[in-house]
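Here is what each chain is made of, one letter per residue.
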Amino acid sequence: MSILVIVEHDNSSLKAETLKTVGAAQKIGGDITLLVAGFNCQNVVDAAVKVNGVSKVLVADNAVYEHQLAENVSLLVTELASDYEHILATALTTGKNFMPRVAALLDVAQISDIIDVESSDTFVRPIYAGNAIATVQSLDDKKIITVRTTGFDAVATDGNAEVVTLATVTDAGISSHVNDEFTVSERPDLGAATVIISGGRGMQNGENFKLLDGIADKLGAAIGASRAAVDAGFVPNDMQVGQTGKIVAPDLYIAVGISGAIQHLAGMKDSKVIVAINKDPEAPIFQVADYGIVADLFDALPELESKL
Amino acid sequence: MKVLVPIKRVIDYNVKVRVKPDHSNVDLANTKMAINPFCEIAVEEAVRLKEAGIATEVIAISIGDKSCQEQLRTALALGADRAIQIETSESLDALNIAKLLQKVVEEEQPQLVILGKQSIDSDNNQTGQMLAALTGMPQGTFASVVKVEGEKVNVTREVDGGLQTLALNLPAIVTTDLRLNEPRYASLPNIMKAKRKPLVVRPAADFGIDLTPRTKLLKVTPPAERKAGVIVESIDELVEKLKNEAKVIS
Ligand SMILES: Cc1cc2nc3c(=O)[nH]c(=O)nc-3n(C[C@H](O)[C@H](O)[C@H](O)COP(=O)(O)OP(=O)(O)OC[C@H]3O[C@@H](n4cnc5c(N)ncnc54)[C@H](O)[C@@H]3O)c2cc1C
Ligand SMILES: Nc1ncnc2c1ncn2[C@@H]1O[C@H](COP(=O)(O)O)[C@@H](O)[C@H]1O
């Protein structure tokens, strides 16, 4: 069998989550090819050839792929599709955007957000915000899959794959990029962090999120948030953890002033150790926390920072 | 311009679903159902476009059994002008939903189709993108701002890194994210008025599409439960436990 994995990147670096998607591909089993579609993305290609278990890296380096517009990338993947039984992308916003388009162009159903592989046609995925786990069999010849990275281990990066440059340029010509407003942060990505500290509505305003900074510095943590904190404008949207935000599973997740709605739990309840700081002893977050502390966060956070 | 809004009937977002004891599926008997929250945001956006004089007609559409008429009436009460139910008792793959929607797009020729980004039951996040592929339209998924400007629509999208704005040729597909708008509540007079708005029922079989399932649900199980934790009495105790018991900090 042959498997195509589409690399997640920003034209300058390969996103660590791709290594987990390749982990999922290895679990399916077969010859693995990577696709890097981007623009001026040589650094990504250099990283991609080192991904273990990969035999080939296909490179489509052209301005039409610079912003990974779904209309253009899906045409490219569709052109390549005949050589592969499985096509995998990471279930992050880029993959979630173009992959169903690929599936429909190929007349194939998509299996979204798999967390495990039972066989080459049977996959496990959470439904209902993770309150039920479905085992689904694909009846199509081709399998189009997005991979939730919390379910798989990253592969190592001491491989040496062959690079194949593609001449194909697929430009649908129906959409264009206007601009990006990306959050710049010195902290690790939520998806890559081993420790995450998240604030909720209980933080009261954006200014108070600074109380998390010192702790995050000491723990090398990423900072996340609940939807309520994002909706209230305390912090930007890319910090939202949950069913419809980022799905994370760090070694340590500290939830501060977050009640623990099912939609928030859906994004973090697979973390190894969960700590909850909340002044309400009845808050549902305590039902999933390994360690809970019933306290006012404005007392607890400065004390925690000083004692780390 | 016409705006088409596909909506789905799903479990109410406050309800925690139960898995059937035989693991065949989830148990939705006597469960509170509602319009998928993202679809409600889609209806609101379409209605606002109409109020702004940009849209001329808002058509709500749902694919499902008779019960989804309840959600179509909700959409009509929120301001949609008319509704279409495509009747089927099967639970269809997103691809087949998109194929049925494609037929309606061909008939109605909307300039904009606004869908939810994701149904909160199947958590698929597929239908809008698939419909875009089938109709050859551009897509603005996970939208937090939608601005129609002449022959184009500018869509600001919530992406992993922050926000991204795209310009799409019309006709186009938009899927909604949570912060696109805050849906209104339907007023009692509007709920009464909605009862008289047109709702057409059309059997799925009439569209001449092969709706054979592409996936098979083998089983549904409850997620692994987390072991109940402990309440610590002080920050000192917390730090001690994280260091020596959980060993997640040093
Ligand atoms: C379709 C849909 C999708 C959603 N997706 C997501 C998602 O992806 N992620 C997400 O997070 N939510 C999501 N939600 C929203 C979710 O339902 C909750 O509304 C949200 O998670 C609540 O955020 P919160 O816990 O910060 O706020 P609240 O529920 O208001 O909780 C605030 C908590 O802070 C505590 N607190 C207040 N002051 C203090 C203090 N001084 N010290 C200590 N504790 C204090 C309170 O006791 C309370 O428990 C979604 C909802 C819908 C309908
Ligand atoms: N049965 C349905 N009827 C009408 N619209 C639907 C249906 N299923 C999905 N949709 C639309 O597609 C969106 C995304 O759903 P999904 O791809 O299932 O996550 C929903 O928010 C709806 O707008």
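See the structure shown above.
Residues numbered from 1 in each chain as written. Chains lettered and ligands numbered in written order. Predicted model: local features only at pLDDT ≥ 70, side-chain atom pairs only at ≥ 80, totals over all residues. Heavy atoms only, no water.

Per the secondary structure count, chain A includes eight helices and 16 strands. Overall, chain A is about 60 × 40 × 40 Å in size when its C-alpha atoms are taken along their principal axes. Classification of the 308 residues of chain A by burial places 59% in the buried group. Put simply, 66% of the contacts in chain A that link residues at least 6 apart link residues at least 24 apart. (Helix = DSSP H or I, 4+ residues; strand = E, 2+ residues; numbered from the N terminus. Buried < 20%, exposed > 50% of the residue type's maximum accessible area, 1.4 Å probe, protein only. Contact = heavy atoms within 4.5 Å.)

Counting residues in each nonpolar core, the largest one holds 51 residues, and the members touching the most others are A:Leu35, A:Ile87 and B:Ile86. Of all the elements, helix α3 (residues 94-108) of chain B adds the most residues to this core, at eight residues. Setting aside anything within four residues of it in sequence, one finds A:Leu35 in contact with A:Leu4, A:Val5, A:Ile6, A:Val7, A:Leu58, A:Leu76, A:Val77, A:Leu80 and A:Leu166. (Core = buried A, V, L, I, M, F, W, Y, C linked by side-chain atoms within 4.5 Å.)

Lining the immediate environment of ligand 1, one finds 30 residues, of which A:Arg201, A:Ser226, A:Ser259, A:Gln263 and A:Asn278 sit closest. Residues near ligand 1 are shared among chains A and B, making this a multi-chain site. For ligand 1, an oxygen atom lies 3.4 Å from a polar atom in the backbone of A:Gly245. Look at ligand 1: alone it shows 990 Å² of surface, and the protein chains cover 86% of it. Contributions of two or more residues to the shell around ligand 1 are made by α6 (227-231), α7 (262-265) and α8 (297-307) of chain A together with α1 (37-51) of chain B. (Near = heavy atom within 4 Å. Polar contact = N/O pair within 3.5 Å; in protein donor to acceptor, adjacent residues only side chain to side chain. Areas by Shrake-Rupley, 256 points an atom, 1.4 Å probe, with all protein chains shown as cover.)

Let us look at the site of ligand 2. All names here are of chain B. Taken together, 18 residues lie near ligand 2, and Pro6, Ile63, Ser119, Asn125 and Thr127 sit nearest. Note that a nitrogen atom of ligand 2 is positioned 2.8 Å from one of the backbone N or O atoms of Ile63. For ligand 2, an oxygen atom lies 3.1 Å from a polar atom in the backbone of Gly116. Burial of ligand 2 by the protein amounts to 97% of the accessible area it has alone, namely 480 Å².

Right, let's talk about the pattern of salt bridges for a bit. Under the criterion given, the structure shown has 28 salt bridges over all chains. Ionic pairing is found between A:Glu303 and A:Lys307, a salt bridge with its closest N-O pair at 2.8 Å. You can see A:Glu303 and its partner A:Lys307 sitting in helix α8, four residues apart, about one turn around the helix. For A:Glu303, a relative accessible area of 29% translates into the label partly exposed. Note that A:Lys307 is salt-bridged to B:Asp236, the shortest N-O span being 3.3 Å. (Salt bridge = Lys/Arg side-chain N within 4 Å of Asp/Glu carboxyl O.)

Let us now look at helix α3 (residues 70-80) of chain A. The buried fraction of α3(A) amounts to eight of the eleven residues, a majority that puts the element mostly inside the structure. Burial in α3(A) covers these residues: A:Ala70, A:Glu71, A:Asn72, A:Val73, A:Ser74, A:Leu76, A:Val77 and A:Leu80.

Residue and element names in this part refer to chain B. There is a patch of nonpolar side chains on the surface, built from Leu188, Ile191 and Met192 and spanning about 290 Å² of accessible area. Residue position: Leu188 is located in helix α5 (residues 188-194). The class for Leu188 is exposed, based on a relative accessible area of 62%. (Patch = residues over 30% accessible without salt bridge, like charges linked within 9 Å, V, L, I, M, F, W, Y side chains within 5 Å.)

Taken together, the contacts link 82 residues of chain A with 74 residues of chain B. Between chain A and chain B, a total of about 6700 Å² is buried, with carbon and sulfur atoms accounting for 54% of that surface. One can count six salt bridges joining chain A with chain B. A:Asp107 is paired through a salt bridge with B:Arg214; the nearest N and O atoms lie 3.1 Å apart. Grouping the constituent residues of the side of chain A that touches chain B by class yields 37 nonpolar, 24 polar and 21 charged. (Buried area = accessible area lost by both parts, 1.4 Å probe. Nonpolar A, V, L, I, M, F, W, Y, C, P; charged D, E, K, R; others polar.)

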